[in-house]
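# Inside the fold
Residue-level listing of the chains:
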Amino acid sequence: MFYREAGQYKTTYAADQQIFPIRQDRIGIGVILVLALLLPLVASEFMLSAIAIPFLILALATIGLNILTGYAGQLSLGTGAFMGVGAYSCYKLVTIFPEVNVIVHILLSGVFAAAAGVVFGLPSLRIKGLYLAVTTLAAQFFLEWCFIRISWLYNYNASGAIEVPGREFFGTLVTGPAAGGISRYYVVLAIVVVMTLLIKNLIRGRIGRQWMMIRDMDIAAELMGVRPLVAKLSAFAVSSYVCGVAGAMFVFFYLGAAEPAVFSITLSFQVLFMAIIGGLGSLVGSFFGAAFIWILPILMRVGLPALGVDIAAETVFQVAQMVIGALIIFFLIVEPHGLARLWAIGKEKLRVWPFPYA
Amino acid sequence: MDMLYNILIDPFVQMVDAPDFLIQVVWEGFVAGVLYALIALGFVLIYKASGVFNFAQGIMVVFAGLSLVGLHQKGVPAWLALILAIGIMAILAVCIEKFVMRPLVGQPDIILLMATIGMTYFLIGLGEVIFGGEPKQMITSELGLPTGSTAFEMGERGLVILQHIDIAAAVIALLMVGGLAVFFNRTRIGRALRAVADDHTAALSVGISLNQIWAIVWFAAGIVALATGIMWGARSDVSFALEIVALKALPVLILGGFTSIPGAIIGGLIIGIGEKVGEIYWGGLVGGGIESWLAYVIALVFLLFRPQGLFGEKIIERI
Amino acid sequence: MNVLVKPAGMQPDGETAPGEVLLRIDSVSLSFGGVRAITNISFDIIKGEVRAIIGPNGAGKTSMLNVINGFYHPQEGTITWRGKVRRKMKPYEAASHGIARTFQNVALFKGMTTLDNIMTGRGLKMHSGFLWQCLRVGPALREEIEHRRKVEEIIDFLEIQAIRKTPVGRLPYGLQKRVELARALAMEPELLLLDEPMAGMNLEEKEDMSRFILDVNQQFGTTIALIEHDMGVVMDLSDRVVVLDYGRKIADGPPEEVQANQDVIDAYLGVSH
């Protein structure tokens, strides 16, 4: 009824190829962005710091993984480690060049993660599928080991952890323990929105199509002139870059301090679950998945006591884990393509409403 | 030069100088390898019968071990706890078949893999809710397993100490492999199982019940998991940390091939011995602790030269 | 590596005129382990013709296409492409030489729409850099639109406008085959290899496909080599036919001649020994 594209004629290919060809979608995304901008007016510090900020950062990490697994079809179990590379390089950069703006460091730190990604992506030229999972596991455990053993990475701190110093951006403190939730939120929001847009562009262009060619039918892709080396390694590089930036942001804007255990395989799995539940090969799904996995346990922690269920905090965590595990299986059975596909089906139904088919 | 000496020559000098220590290290690696192999065996069983890469095998090991110890702590006698634990694995197998495998039949491998990752998450949560998160001591002596050790003198050159429980682990692993080989090759169910592994639809069309076969296979994997859990628990504790260790089955399988039972054993031993020897003789050069990733790197290097695994045939790509 | 670098039609000196030999296969043999797939086969493809490769199942037809494609590397023999002997090369290089193909079992990119699938065929002709593509302005945007126009021409030509934005996985088999042809055409190949373009089609779909193949050949001047089992189609479409059996060539010539060849008849109908 209100979601119908009748009458919206496209007269140029440019108009037909825009990200949101349907006017209602453009309005919708505009409303969401405005709401996101206005959120700090109504949200408490807890909502910003414990929900909104990590949600956005993890959504970005999920997008990073989605580039590799969802778009280029290379299964990765090493996301956590690549995020760690970003975080540790950012920490080193910030402490070595304290005068340079922290945002520059955050964006640069992804480059180191990309380099690590390319190195561990090299075997993907010979190895496929599950076998590749071993490569990424090697990356995960090897890099984790580096974070523990190479004390230069954490400036020889006795604690073995990295602690984020306070840094300003346009005169406002955005990192460190004293930074307020609102300023951190806006910086995170800006980075995530801009990077999502750039990646969306990449995916709907030549490079993105190459990734999907490799994913869907690698032999046909090669016979059509795609160099597997270039396509796969570029996917590893871009994916790890995004994950690295997300990792740096995770520490600098959310945690404030981090020890190597943060970037363990648990984080890799968490991000993988976000990608699966959201829908592999979908950017909007990455946001759905991150929201789902991150917010569900928090809702349960807040919600269950409110409902009069009296359980310990750690039990809530365990129950949440069970629920997430069960939901993953449920989703795979009901809709293997995740929330994004449900969303797409919903929109298709709306377009032809009140009829069941077009 | 020093560096090269430390990497290329010194470790071997050490090995020759102290053969008793080397044998001890290799033995430790061997036992660890047996346990990797047992976990890998669980993977292979399920992979053979349903083409599913069962990520949850590790947590099944933990779960089985926890059930056994947990029941005993509640006052159940050891023998009864063992029987009940087997019962729990049977129930688990039936549930997995009914709620996960059956609805997902025919889906791409990657979806099934992810389903087992979901299962892992669920079982970790469930295990912690029921049994609590803290590590537990395995009831080794209550189960009648040997706990002592024997020292072998090597003349002038020192002595090697073998834990009886380790020997028991090796023997049990051997019996299990033998039993599975007989089960696969000599029984009616085994034949049905191989048929299912080859082609689900074809197996169905000749009257084999997929559901029944899968439940049986998952149950068999559960028994293997229980044995692994007991043996592993006896060496360290029963804890959820084991779940990460179980990931090492992946490099083991890559060496040995996903469908080969002897491959799983040999792969397990290579990885187990390789990482122990590597850690002891080379790990010190980079600060130690390389055991956490050496297995994966061994598998990775190996894959680069033989992408099809140790026993696999050369892959000819077709279009 | 002595491979040709420029795509078709870009090099005046490498240009092959109609009627000249475009591709020559000289005593090529291919085996996998101990199994011989192709034994000492020679034939040529002339610019502008429709060349059929036929033979019973397992005769080595698809292997032959894979050799031409650079996907399999023959142990013996040479391949001459536009007058130059081709060395061992990577499969992706064949595409830049101007060789495109369709596959026996449809090999579309299942997760993408028809439009995107055909756009993939333009990949080699797009050159805008990484950063431009991130921003999708300037050359990247221009390129995207310019190639979209080209792709729309092909969509019109093959009459698949209605399924432009449908994910190819949802299309019926006949249409998938057509999209695959569109994707190959988008590469503007000099030599188009079609591996059983009409397998599994009904009569109507076969007629459509035959018409498209002839149109491609006549309107664009594309040289076509095709494998097909339907003899009626082969006889109608092709200028020359090469017949393989058990990896050997048993006949080569115009359709009528091949049809009358005793060896061919024996290969298809069997002989009593």
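Here the structure is a predicted model, which means the values were calculated and not measured. (Residues numbered from 1 in each chain as written. Chains lettered and ligands numbered in written order. Predicted model: local features only at pLDDT ≥ 70, side-chain atom pairs only at ≥ 80, totals over all residues. Heavy atoms only, no water.)

Counting its secondary structure elements, chain A contains 14 helices and four strands. The principal-axis extent of the C-alpha atoms belonging to chain A is close to 65 × 55 × 45 Å. Considering chain A as a whole, with its 358 residues, one finds that 56% of them fall into the buried category. Across chain A, the fraction of contacts at a sequence separation of at least 24, relative to all contacts at a separation of at least 6, is 74%. For chain A, the accessible area works out to roughly 14,500 Å², and carbon and sulfur atoms hold 70% of it. If you average the places of the 22 positive and of the 16 negative side-chain charges in chain A, the two averages end up 10 Å apart. (Helix = DSSP H or I, 4+ residues; strand = E, 2+ residues; numbered from the N terminus. Buried < 20%, exposed > 50% of the residue type's maximum accessible area, 1.4 Å probe, protein only. Contact = heavy atoms within 4.5 Å. Areas by Shrake-Rupley, 256 points an atom, 1.4 Å probe, with all protein chains shown as cover. Lys, Arg positive; Asp, Glu negative; His and termini not counted. Charge placed at Lys NZ, Arg CZ, Asp CG, Glu CD.)

Residue and element names in this part refer to chain C. In terms of domains, chain C is made up of domain 1 (1-98 + 205-210 + 223-273) and domain 2 (106-188). Here the C-alpha centroids of domain 1 and domain 2 sit 27 Å apart. Counting from both sides, the interface comprises five residues of domain 1 and, opposite them, six residues of domain 2. At the junction of domain 1 and domain 2, the tally comes to one salt bridge. A salt bridge links Arg178 to Asp208, with the shortest nitrogen-to-oxygen separation between them at 3.3 Å. Summed over the shared surface of domain 1 and domain 2, the result is one residue pair in polar contact (both at pLDDT 80 or more). Considering each element in turn, the side of domain 1 that touches domain 2 owes the most residues, three residues, to helix 7 (residues 203-219). (Domains from an automatic or database assignment. Salt bridge = Lys/Arg side-chain N within 4 Å of Asp/Glu carboxyl O. Polar contact = N/O pair within 3.5 Å; in protein donor to acceptor, adjacent residues only side chain to side chain.)

The next subject is the sheet that holds strand 7 (residues 191-195) of chain C. Residue and element names in this part refer to chain C. Strand order in this open sheet of six strands is 6-7-8-3-9-10, and the pairing throughout is mixed. Looking at the sheet topology across the chains shown, the edges are occupied by strand 6 (99-101) and strand 10 (248-253). On average, each strand axis in the sheet is inclined to that of its neighbour by 20°, with strand direction left out of account. Of the pairings in the sheet, the one linking strand 7 to strand 8 (residues 223-227) comprises five bridges and is parallel in character. Bridge pairing in strand 8 links Leu193 to Ala225. Strands in contact with helix 1 (residues 61-69) are strand 3 (50-54), strand 6, strand 7, strand 8 and strand 9 (240-245); relative to strand 7, the strand with the most contacts, it is inclined by about 155°. This element, helix 7, spans strand 3, strand 7 and strand 8 of the sheet and lies at about 155° to strand 8. (Pairing = 2+ DSSP bridges. Axes fitted to C-alpha atoms, helices over the stretch in contact; angles between N-to-C directions.)

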